[in-house]
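What the coordinates show
Below are the chains, spelled out letter by letter.
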Amino acid sequence: MSVTTSRLGRDALIEKYDGRAPRYTSYPTVAQFTPEVTPEIYAGWLNGLPDDEPVSLYIHVPFCSRLCWNCARNARPAISRGTVAAYVLYLEKELLAVHRALGRRRPRVSSIHFGGGTPNILKPLELRSVMATLSAAFRFVGSLEVGAELDPETLTKDWVTIASVNGLSRASLGVQNLDREVQAAVHRPEAFDHIADCMRWLRDGGVTSINMDLMYGLPHQTRANTLATLDSMMTLRPERVSLLGYALAPGMTASRTLIEAAALPGTSERLDQSDAAAERLTSEGYVHIGMDHFALPEDDMCRAQAEGRLHRNFQGYTTDSTQVVIGMGPSAVGSLPQGFAQNALQVGDWRKALDHDQLPVALGAMLSADDRFRGEIIERLLCDFAVDLGEIASRYGRKPRDLVHELSRLESFAADGLVESEGAHLKVTEAGRRVVRNICAVFDVSFREA
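Residues numbered from 1 in each chain as written. Predicted model: local features only at pLDDT ≥ 70, side-chain atom pairs only at ≥ 80, totals over all residues. Heavy atoms only, no water.

Because an α-helix completes one turn every 3.6 residues, residues spaced three or four positions apart along the sequence face the same direction. Look at helix α8 (residues 223-234): 16 Å from first C-alpha to last across twelve residues, which is about the 16 Å you get at 1.5 Å a residue. Where α8 is buried, its residues touch β6 (168-176), α6 (180-186), α7 (192-204), β7 (209-216), β8 (240-245) and α10 (267-283). (Helix = DSSP H or I, 4+ residues; strand = E, 2+ residues; numbered from the N terminus. Expected span 1.5 Å × (residues − 1). Contact = heavy atoms within 4.5 Å.)

Structural data, given as structure tokens:
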């Protein structure tokens, strides 16, 4: 896709609006979570779910067999097989605690997502045990989707076989970049031939949608090796590609991440890599979805975007429309109509709560009507790059004029050719996509007051 520039020009645009706005996988964001959501409050939310309410499950596996230096997720190397085995036992203990909070009802589950960390660090029999416990606590619908984020370097055919038998239908392979110098700099070796094997195992196992995570902005990464990686990946024809930018997290030094800061590409180089990759993907027939996803036209994510039913949650862009996500495992976040509940971040704290027969919730946010109102505006901007403020306001018993302060703050974006408005309808321009998170931040009370 050819990316147009604003009146500022590409580099000047990023320099002006580089405010490090949140990624908005929730509103309020995780940075705003507090201890106000207690295990007792969360248990009440679960107990109050309607019997016919479909739910999705998120299972966080906090261990990896190797620690990639570019990773900012809640994950750590597994000390031993016993560490992982103990995690499985405690995860099953949490499942039983959730089941008790639900009043021993068995809600219908339409989607299960294993994230991490590295879910395929679980042995095949451990994965089967987890799925058996899930099926005992919940009712699986016939169209159940099971997805997992996988490290191809440690993925085996046996693991895929067991996962397929247990319903695996979507998979995401973390590839990042195939250049050896880049891989060495982030401690993440990958071999193309093994990635191709992984794709074949997944296809043979009935997985119908495979995503590949690629990155730009890594140390020693260039436009050339970015395109070379894409050329190799295109021969495998994944249904989806996530193109994510690497940057040192605020407050995190290069020494802490073991990343050589001097080897990181500058802003202009990062943009060159991103633009070149986007253009190559669209020339290969992929449709640009949201900020950083690409999908083949026949994939459900494309249909969801075209029909205005694309959503965004802690797993990123999704076609999952359920209103309830029950998160399990250290740091996992649950999402319910009343608000968000996040488990204890550290494995030890998570286990301690379960040892005391408590749900391991440590943080969260109770949603006000204003939170829901602003959250929907932000989600539609990120998914559709357009929003009808009048339509959303009417559903919340409000008027677009309630956002007069926010609309005034958008005037600078409009002057730079990044947003357009007609009445209460707001549209992000092609150039504005680069800074859509900054546009969303206009509607974020916490970010405005920070």
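Right, let's get into the layout of surface pockets. If a probe as big as a water molecule is rolled over the atoms, it shows which places are left empty. In this structure, the second largest pocket encloses a volume near 760 Å³. For the second largest pocket, the lining is made up of 29 residues, of which Arg 312, Gln 323, Ser 335, Phe 340 and Glu 379 are closest to its centre. When contributions to the lining of the second largest pocket are tallied by element, the ones reaching two or more residues are β11 (311-313), β14 (333-336) and α13 (369-384). Taken together, the residues of the lining of the second largest pocket break down into eleven nonpolar, eleven polar and seven charged. (1 Å grid on protein atoms, 1.4 Å probe; cavity = no way out; pocket = protein on both sides within 12 Å on 5 of 7 lines; lining within 4 Å. Points joined across faces, edges and corners; volume = space filled by probe spheres on them. Nonpolar A, V, L, I, M, F, W, Y, C, P; charged D, E, K, R; others polar.)

Moving on to the pattern of salt bridges. The tally for this structure, following the rule as stated, stands at 25 salt bridges. The partner of Asp 151 in a salt bridge is Arg 188, and the shortest N-O contact between them spans 3.8 Å. Residue Asp 151 is found in the loop between β5 (139-150) and α5 (157-165), and its partner Arg 188 is found in the loop between α6 and α7; the two are separated by 37 residues along the sequence. Overall, Asp 151 belongs to the buried group, its relative accessible area being 5%. The class for Arg 188 is buried, based on a relative accessible area of 9%. One salt bridge connects Asp 370 with Arg 398, and the closest N-O pair in it is separated by 2.6 Å. Note that Asp 370 is positioned in helix α13 and Arg 398 in the loop between α14 (389-395) and α15 (404-409), a separation of 28 residues in sequence. Look at Asp 370 and you get partly exposed, because its relative accessible area is 24%. The class for Arg 398 is partly exposed, based on a relative accessible area of 22%. (Salt bridge = Lys/Arg side-chain N within 4 Å of Asp/Glu carboxyl O. Buried < 20%, exposed > 50% of the residue type's maximum accessible area, 1.4 Å probe, protein only.)

What follows covers the confidence of the model for the protein chain. Averaged over every residue, the pLDDT of the protein chain is 92; residues scoring 70 or more account for 94%. With pLDDT under 50 throughout, residues 1-5 is counted as low confidence; its partners more than four residues away or in other chains account for 13 contacts. (pLDDT = per-residue confidence, 0-100.)

Helix packing for two helices is described by the angle between their axes and how far apart those axes are. Contact geometry for helix α3 (residues 81-101) and helix α12 (residues 347-355): axes closest at 10 Å, N-to-C directions at 50 degrees. Classified by the angle between their axes, α3 and α12 sit oblique to one another. Relative to α12, the crossing made by α3 is left-handed. Taking contact as the criterion, the partners of Ala 86, Tyr 87, Tyr 90, Leu 91, Lys 93 and Glu 94 in α3 are, on α12, Trp 350, Arg 351, Leu 354 and Asp 355. Residues that form the contact of α3 with α12 fall into these classes: six nonpolar, no polar and four charged. (Axes fitted to C-alpha atoms, helices over the stretch in contact; angles between N-to-C directions. Parallel < 35°, antiparallel > 145°, perpendicular 65-115°, else oblique. Left-handed = near helix turned anticlockwise from the far one by under 90°.)

It is worth spelling out the nonpolar core at this point. One broad rule of soluble globular proteins: the nonpolar side chains tend to lie buried together. With 81 residues, the main nonpolar core has Leu 46, Ile 112, Phe 114, Leu 134, Phe 138 and Leu 173 as its most contacted residues. A total of nine residues in this core trace back to one element, the largest contributor, which is α3. Residues contacting Leu 134, with those up to four places away along its chain left out, are Leu 57, Ile 59, Leu 95, Ile 112, Phe 114, Phe 140 and Met 328. By size, the runner-up hydrophobic cluster in this structure holds 41 residues, among which are Ile 14, Ala 21, Ala 431 and Ile 439. (Core = buried A, V, L, I, M, F, W, Y, C linked by side-chain atoms within 4.5 Å.)

Ordered by their spatial adjacency, three strands build an open sheet running β17-β19-β18, and the pairing between neighbours is antiparallel. The two strands at the open ends of the sheet, each matched to only one other strand, are β17 (386-388) and β18 (419-422). The mean angle between the axes of side-by-side strands here comes to 15 degrees, regardless of whether they run parallel or antiparallel. As paired elements, β18 and strand β19 (residues 425-428) share four bridges and run antiparallel to each other. Within the sheet, the bridge partner assigned to Glu 420 lies in β19 and is Lys 427. Contacts between α13 and the sheet are confined to β17 and β19, with β17 contributing the most and set at about 140 degrees to the helix. (Pairing = 2+ DSSP bridges.)

Inspection of the entire model under this criterion finds seven aromatic pairs. Note on Phe 373 and Tyr 396: the rings are 5.6 Å apart at their centroids and 55 degrees apart in plane angle, and the pair reads as tilted. One end of the pair, Phe 373, is in helix α13; the other, Tyr 396, is in the loop between α14 and α15, and 23 residues separate them in sequence. One aromatic cluster is present, formed by Phe 63, Tyr 87, Tyr 90 and Trp 350 through successive ring pairs. For Arg 312, the ring lying beneath its charged end belongs to Tyr 317, and the centroid distance is 4.6 Å. (Phe/Tyr/Trp six-rings, centres within 6.5 Å; stacked < 30°, edge-to-face > 60°. Lys NZ or Arg CZ within 6 Å of the ring centre and 35° of its normal.)

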